[in-house]
Each structure stands twice: as C-alpha cells, then as structure tokens.
Amino acid sequence: RPTHVLLLGVMLGLTYPFEIPARQMMLAELSGDDLPNVVALNSTLVTLMRIIGPTAGGLVVAWWGEGWCFAINAVSFVAVIAAVVALPRAPPAAHPPPGAAVPILEAVKWAWHRPQVRSLFFHLVALSAVGQAWGTLMPAWVAKVVRGGPDVLGHLLSFSGAGALAAAMLLLFAETGLAWRVGAGGVVMAAGLGGLSWSQHWAPAAASLFLIGLGQVTQSSGILTELQRRSPVHLRGRLLGLFTMAFVGLVPVG
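Chemist: It is not clear to me how the overall build of the chain should be interpreted in this structure. Could you clarify?
Modeler: Within the chain, the secondary structure is distributed over 10 helices and zero strands. What you see in the chain, going N to C, is helices and strands ordered as α-α-α-α-α-α-α-α-α-α. C-alpha atoms of the chain, sized along the principal axes, occupy 60 × 40 × 35 Å. Residues classed as buried in the chain amount to 35% of the 254 residues present. If you take every contact in the chain between residues at least 6 apart in sequence, the share linking residues at least 24 apart comes to 77%. Carbon together with sulfur atoms contributes 73% to the accessible area of the chain, which is approximately 14,800 Å² in total. Of the side-chain charges in the chain, 14 are positive and 9 negative, and the distance between the mean point of each set is 9 Å.

Chemist: I would appreciate a short explanation of helix 1 (residues 2-31) in the present structure.
Modeler: Owing to its 3.6 residues per turn, the α-helix brings residues three or four apart onto one side. When the terminal C-alpha atoms of helix 1 are compared, their 42 Å separation across 30 residues agrees well with the 44 Å that a helix rising 1.5 Å per residue should span. Of the positions making up helix 1, those classed as buried are Ile20, Pro21, Gln24, Met25, Leu27, Ala28 and Ser31.

Chemist: I keep staring at the nonpolar core and nothing clicks. Help me out?
Modeler: One recurring pattern in soluble globular proteins: nonpolar side chains tend to sit buried together. The biggest cluster of nonpolar side chains holds 36 residues, and the ones touching the most others in it are Phe121, Met138, Trp141 and Leu239. In contact with phenylalanine 121, not counting residues within four places along its chain, are Ala111, Leu227, Leu239, Leu242 and Phe243.

Chemist: Looking at this structure, how should I read the pattern of salt bridges?
Modeler: Between side chains of opposite charge, a pair can form when the charged atoms approach closely. Counted under the stated rule, the structure contains three salt bridges. Glutamate 19 is paired through a salt bridge with arginine 23; the nearest N and O atoms lie 2.5 Å apart. A residue pair is termed a helical-turn pair when its members lie 3 or 4 positions apart in one helix, as glutamate 19 and arginine 23 do in helix 1 at four residues. Assessed through its relative accessible area of 36%, glutamate 19 is described here as partly exposed. One salt bridge in this structure joins glutamate 226 and arginine 230, with 3.0 Å as the shortest N-O distance. Linking glutamate 226 with arginine 230, this pair stays in helix 9 (residues 202-230), spanning four residues, or about one helical turn. Overall, the relative accessible area of 34% leaves arginine 230 in the partly exposed class.

Conventions we followed
- The residue numbers shown here count from 1 along each chain, following its written sequence.
- At least 70 in pLDDT is required for a residue's local features to be given in this predicted model, at least 80 for side-chain atom pairs to be given and counted, and no such filter applies to totals for whole chains, interfaces and linings, which use all residues.
- Hydrogens and water molecules were not included; the side-chain quantities draw on all heavy atoms of the structure.
- Here a helix means four or more residues in a row that DSSP labels H or I, a strand means two or more in a row labelled E, and each is numbered from the N terminus.
- Three exposure classes are used, based on accessible area relative to the maximum for each residue type with a 1.4 Å probe and protein chains only: buried under 20%, partly exposed in between, and exposed over 50%.
- Working rule for contacts: check all heavy atoms of both residues, and any pair within 4.5 Å makes them a contact.
- Shrake-Rupley sampling with a 1.4 Å probe provides the accessible areas, and residues are treated as covered by the protein chains on show and by no other component.
- His is not counted here, nor are the chain ends, while Lys and Arg score as positive and Asp and Glu score as negative.
- Charged side chains are reduced to one point each, which is NZ for Lys, CZ for Arg, CG for Asp and CD for Glu.
- Helices are assigned an expected span. That span is 1.5 Å times one less than the residue count.
- Among buried residues, the Ala, Val, Leu, Ile, Met, Phe, Trp, Tyr and Cys ones that are joined through side-chain atoms within 4.5 Å form a nonpolar core.
- For salt bridges, the criterion is a side-chain nitrogen of Lys or Arg within 4 Å of an Asp or Glu carboxyl oxygen.

Given below as structure tokens:
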C-alpha cells in the first residue's frame, strides 16, 4: 500500500544523516593522504553498480515484481555490515572544547566565511534542489513518452550509470583542477537535461542520460572531495553532515 512505501521512505531517509557522514569520515580515516583518489574510487564502484543495478532491477521487476528487489537489496547489506565489523577500531573522534559554540553552527560559520567553500555549498544546493529530481520522473517519462516498461527503464538508467562511471574514472586520475571540473559538470548535466526534455525516442534519451550521469557525478564527487580537502579535522564530520543535508535532504524539494 502507499502508506507502506511512505513509511519505508521515511525510514530510509532517517538513515542518511547517520550513514553518509560516517561512511565518508571512515573513508577519510582509512585513506590518509590518498583521500581524493579514494573518494573517486568509491564513486567509481558506486556508479559501476548504477550500471548493473538498474538493468538487473528492471529484469527482476519484470519477472518477479518489485517486492523481490527490496528483498535482494536487504540481503546485500549483510556483506556491507560484515565488512564494517571487520575493520580495526578507529581512535576516538575529536570533540569540541568545553564552552564551544553550538557544534553545527560552528561548522556553518566556518563554511560561510570561506568563499570557496561557501560557493561549493551553493552549487550543491542548486544541484540537489533543481537538478537531481530527474530520477523521480523517469518511470512516468518512460511510460508516457517512449511507452516502455520496467525493462526499458532499467536499460535507460544504465546509460546514466555509464556516464557516472566515466565521470568517476576521470576524477580518479585528476590530481588538480577539481573546481573547474565541478563547473564543467554543471554545464554537461544541464545539456543532458535539456536533451532529455526534448527526446521522444529511447536513443536520444540514452545519450542525454549519459550526459546527465557524467555531469551529476562530476559535480557531487568533486564537491565532496574539495570539501574534505579544505575542512579541518575537528569540523569534517559536521561539514559532511551539512553536505548530506544539502545533497540528500533537498532532493524532495526539487
């Protein structure tokens, strides 16, 4: 029933503020000086699954139904939990000194007074609130425009995954110039969204989705890497919390 889906959506959303900053902090602690490459490698693995996942998910929905997708997804987390449990214990996290300002406000103030960090957050807000809602519209778009079902949706989304993988691979070998890459990613994603808005057949839609995936991951991964590079250790977790709030929390607004 719709109420079940809404409840599951709320439960999933409640995990993001905990999971995303913790995972990114864990990556930072494990990677040391190799942080930019580790963030890019993480994006590469995630986006590789974005190619395989939608295609496989579309087939599972077509063959067995949506419920099996949720069940398979739930079982897959066993491997993730086992890997996290097997990691060595991290040293205690840095805490603000006694009498310090409200912790999250300290992070907001730090970001606001640094123009480059502030501009990264403004860019992220625009991406999340305006750009990322395309995924929500795709099932209806496939059904009404190209007259396709779950299998067509899965195949089309795999093209966005391919673009995201290309972006992650390019970032993996990027030693410098992340700032201009973030801006270029915005231009590429805008071109893809524009192309998708005019597409009436699956071929131009696939090309547009490739550009969307390429631009979206270039922006999000570039912003995340730059943010972690620039943030002091004692504020990094809180700044990643702000990143999560902007990157995930504003998507429903869009």
